[in-house]
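If you want the building blocks of each chain, they are given just below.
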Amino acid sequence: LNSEQRGYLTTVKSSADALLQIINDILDLSKIEAGKMDLHVVEFSIGDLVERLSGMMKPLAERRNIELTSDVDPELPLLVQDSGKIQQILYNLLSNAVKFNEPGGQVILSTALTDAGNAVIRVKDTGIGMDDEEIQMALEPFRQLATARQSSGTGLGLPLTRALVEANRASFTIRSRKREGTLVEVAFPSPRVLAE
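Worth saying up front: this structure is predicted, and the values here are computed from it rather than measured.

Asks: Looking at this model, I keep getting lost on the pattern of salt bridges. Mind explaining?
Replies: Where charged atoms of side chains with opposite charge meet at close range, the side chains can pair. Under the counting rule described, the total for this entry stands at four salt bridges. Between Lys 178 and Glu 134 there is a salt bridge, with its nearest N and O atoms 3.1 Å apart. Taken together, the residues span a long stretch of sequence, with Lys 178 in the loop between strand S6 (171-177) and strand S7 (181-188) and Glu 134 in helix H4 (residues 132-138) at a distance of 44 residues. Glu 134 gets classed as buried once you look at its relative accessible area, which sits at 14%. Glu 180 is paired through a salt bridge with Arg 177; the nearest N and O atoms lie 3.5 Å apart. The network of salt bridges with common partners includes Arg 122, Arg 175 and Glu 185.

Asks: What is the right way to look at the pairing of strand S5 (residues 119-125) in this model?
Replies: Within a regular strand, the side chains alternate between the two sheet faces. Taken across its seven residues, S5 has five buried, putting it largely inside the fold. Summarising the sheet, strand S4 (residues 106-113) and S5 pair through seven bridges and their orientation is antiparallel. Paired with Ser 110 across the strands is Arg 122, a residue of S5. Between the antiparallel neighbours S4 and S5 lie five residues, among them Gly 117 with a positive phi of about 90 degrees.

Asks: Help me understand the packing of helix H2 (residues 46-63) against helix H3 (residues 83-99), please; the structure alone is not making it clear to me.
Replies: Pairs of packed helices are described in terms of their axes, by the angle between the two and the distance that separates them. Close contact between H2 and H3 brings their axes to 10 Å; oriented N to C, the two are set at 35 degrees. Crossing of H2 against H3: the hand is right-handed. Taking contact as the criterion, the partners of Ile 46, Leu 49, Val 50, Arg 52, Leu 53, Met 56, Met 57, Leu 60 and Ala 61 in H2 are, on H3, Ser 83, Ile 86, Gln 87, Leu 90, Tyr 91, Leu 94, Ser 95 and Val 98. For the contact of H2 with H3, the class distribution of residues is 13 nonpolar, three polar and one charged.

Asks: Help me out: how do you make sense of the packing of H3 against helix H5 (residues 157-167) in this one?
Replies: Contact geometry for H3 and H5: axes closest at 9 Å, N-to-C directions at 145 degrees. Helix-helix and strand crossings are classified by hand; for H3 and H5 the assignment is left-handed. Counted together, Lys 85, Gln 88, Ile 89, Asn 92, Leu 93 and Asn 96 of H3 and Gly 157, Leu 158, Leu 160, Thr 161, Leu 164 and Val 165 of H5 form the full contact between these two elements. Grouping the constituent residues of the contact of H3 with H5 by class yields six nonpolar, five polar and one charged.

Analysis parameters
Residues numbered from 1 in each chain as written. Predicted model: local features only at pLDDT ≥ 70, side-chain atom pairs only at ≥ 80, totals over all residues. Heavy atoms only, no water. Salt bridge = Lys/Arg side-chain N within 4 Å of Asp/Glu carboxyl O. Helix = DSSP H or I, 4+ residues; strand = E, 2+ residues; numbered from the N terminus. Buried < 20%, exposed > 50% of the residue type's maximum accessible area, 1.4 Å probe, protein only. Pairing = 2+ DSSP bridges. Axes fitted to C-alpha atoms, helices over the stretch in contact; angles between N-to-C directions. Left-handed = near helix turned anticlockwise from the far one by under 90°. Contact = heavy atoms within 4.5 Å. Nonpolar A, V, L, I, M, F, W, Y, C, P; charged D, E, K, R; others polar.

Structure below.
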């Protein structure tokens, strides 16, 4: 193969990978809506997962001139959840926080343990933000906001993320203000958190 042919193959593979991800997202959303999502529950450290994902996303954030920091509560006990689905949730939230931010912006990924014993993961950004109506639209499958100018996505990221959170019996909260940023919280109820 010459370099031009290799370039074509790379483009075809990238397109196929993107299409496969869209199909997988649609299937996941359909399974959740039908109550057929299989969860593979294991005991794992959410702090380790947060640090790993933060490291994975740093190069993308740096390319966009966005500061990505993480703050893990060392007292956080182990979590009993589907670690693969939790990783997908965090990846989607971090991707959005970076994608809809501005150069010079900031993304903070943090964890905390509430007084009630709930493990909370927070993704906070200083991005473009949304008003209440835009939040509702962003949570509808296949809807993209006019502010999603940088995105060539399908409008499945946030609806799928919320559905995955709820499938894991956790709660999903989003607060945002235009031109100030967005805060997303995922809280896992205390029976799903292991006491040490």
